Amino acid sequence: MRSAWISSTLKSMKRPWNRTSAALVAGLACALPLLTAAPAAAGGGDTTARTGTVPPRATAPATTVRTDSGWVRGGAGKDHLFFQGIPYAAPPVGELRWRSPRAVTPWQGVRDATAPGERCAQTADIWGLPGSEAEDCLYLNVTAPAPAGGKRPRPVMVWLHGGSLIKGAGSDYDARRLAVRGDVVVVTVNYRLGVFGFFGYPGLENAGAFGIEDQQAALRWVRRNAAAFGGDPRNVTLFGESAGSHSVCAQLASPSAAGLFHRAITQSSPCGAGSFEGTPLRPVMDIPFWVPRAAHDGYGQALAAGLGCADPETALACLRDRPVADLLAQQPLPLPAYGNAVLPEDPSKVFEEGRFHRVPVLTGITRDEGTLFTSLLFPPMTDGEYESAANAKFGAAGPDVLAEYPPDAHGGSPLQAVAAVMSDLDWAWPARDTDLLFARHVPTFSYEFTDRTAPQLFPLPNGVRPLASHGSELSFLFDVGWRSAPLTPEQRRLGDTMIDYWSRFAAVGDPNRPGLPTWSRVRPTGGTPYVQGLAPGRGGVAPFDRAAVHRLAFWDRLAAQGTEPAHPS
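All of these numbers come straight from a predicted model, not from anything done at the bench.

(A) Just the pairing of strand β15 (residues 444-449), in detail. The element β15 is extensively covered by neighbouring structure, given that six of its six residues are classed as buried. Burial of β15 is two-sided: the residues Thr444, Ser446 and Glu448 facing one way and the residues Phe445, Tyr447 and Phe449 facing the other way are all buried. In terms of strand pairing, strand β14 (residues 361-366) meets β15 through six bridges, oriented parallel. Bridging across to β15, Thr366 finds its partner in Phe449. Judged from the three bridges that link them, β15 and strand β17 (residues 531-534) form a sheet pairing that is parallel. Looking at the pairing, Phe449 lines up with Leu534 of β17.

If you want it as structure tokens, here you go:
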């Protein structure tokens, strides 16, 4: 039976602009997978029969590596080595479904590591990106410059993919450019998603956080094995975008992640959402970052009842017997839960009180985060419908919002105006607070990706122009698996600069080095523009006035007015 808390939570998640929470979650299921197509070069393949019986060959030492579970043989390009589909935890199948990750069983001989492991169970999406029914999916991929050895071990960068915590795979990101130019070892990780990674039931240990635990198991694998690939286990940077960035935030707040990484990069998911607390303002896309485990317990009870597993005494055993397809057909609750061993407290409180792991942070957003979500969540609207929606959302402040964001200033498009509101209110406003929150405690560097000509990741519906949309920076750091236009020479140079910044930060905790434009550190008092703008062309990499571009003073003023919205979100 659905708990009262779940019911009230779903009501509280009801969308302004007259969108229901169910529609929003469904929209996000399409929107945030952004990051999910499998690269053609990565290959596929069966991961169940990769173990040989032959000892490692002396003729190919660079591509044959001994891990703590056994030997693996990868592949080599002219300037890099790659190892794919390495298991970091036991397959979470059968009785291990919805349990903390367990150790890998060591293997004999040499395991083939030239093709990625299966994607964790997920549905296909509207762009035709692949689905999967695999629960045996806890694999990672390692990319390192060739040769793997050297006088000094290299920094390690561990990538957590995005996809709304319901989509994606580590193998969607070819890290060769980042590894070779940055002289770093890059590890990309699969972790349990959707109902398999974020599920609860009364009495279930660590409910609502199995995907977060998987990420920690991968980090422990890195600590044990990085040196075998030429990496430094004492210098690990955890980075991710969108849901991957959300996951980095979770790890920063998790006591059990202490010591597993030494720097953090968050792309397009600010850790601090405290801007909205104590104000009448709510984001347009008003979804909580974190939920108490009671939410997952109630969700699990409702799901069990719907699948014929209502008896509390046998519900978990019954659900563990259900086919993957039956569970994928259910609406997920892809939000990390707190109130368990992984996240004992609400991470929002942990961040606000400065009790997160004290590591240097590089954090940022794109210039037009809202365009993707607006295109997926809202139907075409007239000027009159836009006016009615703004007044319903912002109450007495509606006319002010309409005056600040008129369609005429956005190509005559009401949807483009909505996207601007979302970019400014949902992302830029809390990003500023996240910057200052981190800067009070650790070295912090903030960026904004501002290339409005970046290759379009996916076609956006309803005529919305993508501009510098959510995820548009990814092809500047990785060769990504979805089809998009190639980078221009100027964009390629910008990508090189970004890789230089990211890898330098991974090495020393500061992106600055000779030959790069100076990047100012965030000061707790804010002050003059401290955000580093990232755009191609002369002068494109330079200080960027986020406060002015995103009208943050306007939103500050509305927050201080105490205006109650006509229909509270």
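Next, the rest of the story.
(B) Structural context of the environment of Thr434. Structurally, Thr434 can be placed in helix α14 (residues 414-439). Take Thr434: its relative accessible area is 1%, and that puts it in the buried class. Residues Thr434 and Cys271, spaced 163 residues apart in sequence, show a C-alpha to C-alpha distance of 6.2 Å.

(C) Region of interest: the packing of α14 against helix α18 (residues 552-561). Across the interface, α14 lies against α18 with an axial gap of 10 Å and an inter-helix angle of 85°. As judged from the angle between their axes, α14 and α18 are roughly perpendicular. Along its contact with α14, which presents Val421, Asp424, Leu425, Ala428, Trp429 and Arg432, the element α18 presents Leu552, Trp555, Asp556 and Ala559. In the contact of α14 with α18, the residues fall into seven nonpolar, no polar and three charged.

(D) Spatial organisation of the pattern of salt bridges. For the structure shown, the criterion picks out 25 salt bridges. Linking Asp435 and Arg546 is a salt bridge whose minimum nitrogen-to-oxygen distance equals 3.0 Å. Pair noted here: Asp435 is in helix α14 and Arg546 is in helix α17 (residues 546-549), with a separation of 111 residues, a long-range link. For the residue pair Asp435 and Arg546, the accessibility class agrees, reading buried in each case. Measuring nitrogen to oxygen at the nearest pair gives 2.7 Å for the salt bridge that ties Arg546 to Glu448. Of this pair, Arg546 sits in helix α17 while Glu448 sits in strand β15; the two residues are 98 residues apart in sequence, bridging distant segments of the chain. For the pair Arg546 and Glu448, a shared accessibility class is recorded, and that class is buried. Through salt bridges with shared partners, a single network forms among Asp79, Arg176, Arg177 and Asp479.

Conventions we followed
Residues numbered from 1 in each chain as written. Predicted model: local features only at pLDDT ≥ 70, side-chain atom pairs only at ≥ 80, totals over all residues. Heavy atoms only, no water. Buried < 20%, exposed > 50% of the residue type's maximum accessible area, 1.4 Å probe, protein only. Helix = DSSP H or I, 4+ residues; strand = E, 2+ residues; numbered from the N terminus. Pairing = 2+ DSSP bridges. Axes fitted to C-alpha atoms, helices over the stretch in contact; angles between N-to-C directions. Parallel < 35°, antiparallel > 145°, perpendicular 65-115°, else oblique. Contact = heavy atoms within 4.5 Å. Nonpolar A, V, L, I, M, F, W, Y, C, P; charged D, E, K, R; others polar. Salt bridge = Lys/Arg side-chain N within 4 Å of Asp/Glu carboxyl O.

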